[in-house]
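# Survey of secondary and tertiary structure
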Amino acid sequence: MITVPRPGRCVVMGVLNVTPDSFSDGGCFADAESAIAHGLEMHAAGADYVDVGGESTRPGADRVDAAEECRRILPVIRELSSAGVRTSVDTTRAEVAETAIAAGASLVNDVSGGLADAGMATLVADAGVPWVLMHWRGHSREMYAAARYGDVVTEVCAELTARVEDVVAAGVPPEQLVLDPGLGFAKNADHNWALLGGLDRLVGLGLPILLGASRKTFLGRLLADADGKVRPAEGRDAASLATTVLAAEAGVWGVRVHDAAASVDAVRTVEAVRAARGARRG
Ligand code: PMM
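Per chain, residue numbering runs from 1 following the sequence as it is written. With the structure being a predicted model, the display of local features is reserved for residues of pLDDT at least 70 and the display and counting of side-chain atom pairs for 80 or more, all residues being used for whole-chain, interface and lining totals. Here the side-chain values reflect all heavy atoms present in the structure, with hydrogen atoms and water set aside.

In a beta sheet, neighbouring strands pair by backbone hydrogen bonds and run either parallel or antiparallel. DSSP bridges decide pairing: two strands pair if at least two such bridges lie between them. Under the DSSP-based scheme used, a helix requires at least four consecutive residues in state H or I and a strand at least two consecutive residues in state E, with every element numbered from the N terminus. In spatial order, the strands read β6-β5-β4-β3-β2-β1-β8-β7; together these eight strands make up an open sheet with parallel pairing. Only two strands of the sheet have a single partner each, and these edge strands are β6 (177-180) and β7 (210-211).

Below, the structure written as structure tokens:
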């Protein structure tokens, strides 16, 4: 069994979308060659994982079939893994996860938290790899209708806890699990800010937490210009980096980010300050 890595600092997962249509980098790495080059670059910059996805989860996106997902991601995972890069696969489908693991992926990043494919729990239990269970209330086409909460932090914590109970009952050891509040997935900007404000409660659930705030639209809305025009994805990296700092400081296990090099440096900086605090106390 591969357990969840615990390097003693916040883990950095670099985003590699091999898709023509992701909101933040869609089309940039749609061919295997440029995707592999970018994955190697993030690895060289110190990313702990390169997270390879072949299906866009952007709001309203249409689904692609499993064969197309595999066609996009497998050559990239194979090549990166054989170059010694630790890869994860961003998929909700058990059959895609299975072939990705055979190609070298060592973590399943499932934005549906196991809800989209009933076969995922068995696959993960058999493969013995870490599994990110993200908070999810439906596929991209329908998720905004589900963005209704009384207290979003309480409800996300409760729904994630229920997912953990279900998958553990299905045979997945808790040591394999990572939880993710799913910023932007069935959440509006206020919900995302509330979850960032409630990181301590998520961390308090007792399992490692992954956070994916990088380049998301709520940051673009915050940084809108004087006319109210939302800042485009490529102008959101400084704000994304601020979320890495907040996450590392809050004891979050990992961040999923586009600008991996910047987050690696930020995490090192936060750790130096934490160590200095520890030295002063000790
Ligand atoms: N966000 C996206 C895709 N995959 N996985 C996890 N675990 N958490 C996230 O927040 C998440 C994800 C969408 O963002 P992208 O289009 O930039 O990849």
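Next, the rest of the story.
Neither face of strand β8 (residues 254-257) is open: one carries Gly254 and Arg256, the other Val255 and Val257, and all of them are buried. Direction of pairing for strand β1 (residues 11-17) relative to β8: parallel, over a ladder of four bridges. If you follow valine 12 over to β8, its bridge partner there is valine 255. In the sheet, β7 pairs with β8 via two bridges, with the strands oriented parallel. Along β8, the bridge assignment pairs leucine 210 with glycine 254. Burial status follows relative accessibility: with a 1.4 Å probe on protein chains alone, a residue under 20% of its type maximum counts as buried, one over 50% as exposed, and anything between as partly exposed.

Here we take up empty space enclosed by the protein. In this analysis a 1.4 Å probe is tested at points of a 1 Å grid over the protein atoms alone, and where it fits but cannot get out there is a cavity; an open set with protein on both sides within 12 Å along at least five of seven lines is a pocket; lining residues have an atom within 4 Å of a point. Grid points are joined across faces, edges and corners, and a volume is the space filled by probe spheres set on the points. A full pass over the atoms with the stated rule returns three cavities of 30 Å³ or more. Taken as a whole, the largest cavity holds about 150 Å³ of empty space. Looking at the lining of the largest cavity residue by residue, the classes come out as five nonpolar, seven polar and five charged. Of the voids in this model, the second largest cavity is the one considered here, and its volume is about 50 Å³. Lining the second largest cavity we find Ser214, Asp237, Ser240, Leu241, Val257, His258, Asp259, Ala262 and Ser263. Amino acids are sorted into nonpolar (Ala, Val, Leu, Ile, Met, Phe, Trp, Tyr, Cys and Pro), charged (Asp, Glu, Lys and Arg) and polar (every other residue, Gly among them).

Moving on, we get to the site of the ligand. Near the ligand lie 17 residues; those nearest to it are Asn109, Asp180, Lys216, Arg256 and His258. N or O atoms within 3.5 Å of each other form a polar contact, as long as, within protein, one can give a hydrogen and the other can take it, and as long as residues adjacent in sequence are counted only when both atoms are side-chain atoms. Aspartate 90 places a polar side-chain atom, nitrogen or oxygen, 2.9 Å from a nitrogen atom of the ligand. Within the contact set of the ligand, an oxygen atom lies 2.7 Å away from a side-chain nitrogen or oxygen of lysine 216. For the ligand, the accessible surface in isolation is 410 Å², of which the surrounding protein chains cover 98%. In these notes, residues near a molecule or strand are those with any non-hydrogen atom within 4 Å of it. Areas reported as accessible are Shrake-Rupley estimates using a 1.4 Å probe. Residue values count occlusion only from the protein chains shown.

So, on to the packing of helix α5 (residues 152-169) against helix α6 (residues 189-197). The convention used is that axes are lines fitted to C-alpha atoms, helices contributing only their stretch in contact, and that angles between N-to-C directions extend from 0 to 180 degrees. One can describe the packing of α5 onto α6 by two numbers: an axis separation of 9 Å at closest approach and a directional angle of 75°. One finds that α5 runs roughly perpendicular with respect to α6. In this structure, α5 contributes Val152, Val153 and Val156 to the contact, and α6 contributes His191, Ala194 and Leu195. Along the lines of polarity and charge, the residues of the contact of α5 with α6 split into five nonpolar, one polar and no charged. When an angle is under 35 degrees it counts as roughly parallel; over 145 it counts as roughly antiparallel; between 65 and 115 it counts as roughly perpendicular; any other value is oblique. Any pair of residues with heavy atoms lying within 4.5 Å of one another is described as a contacting pair.

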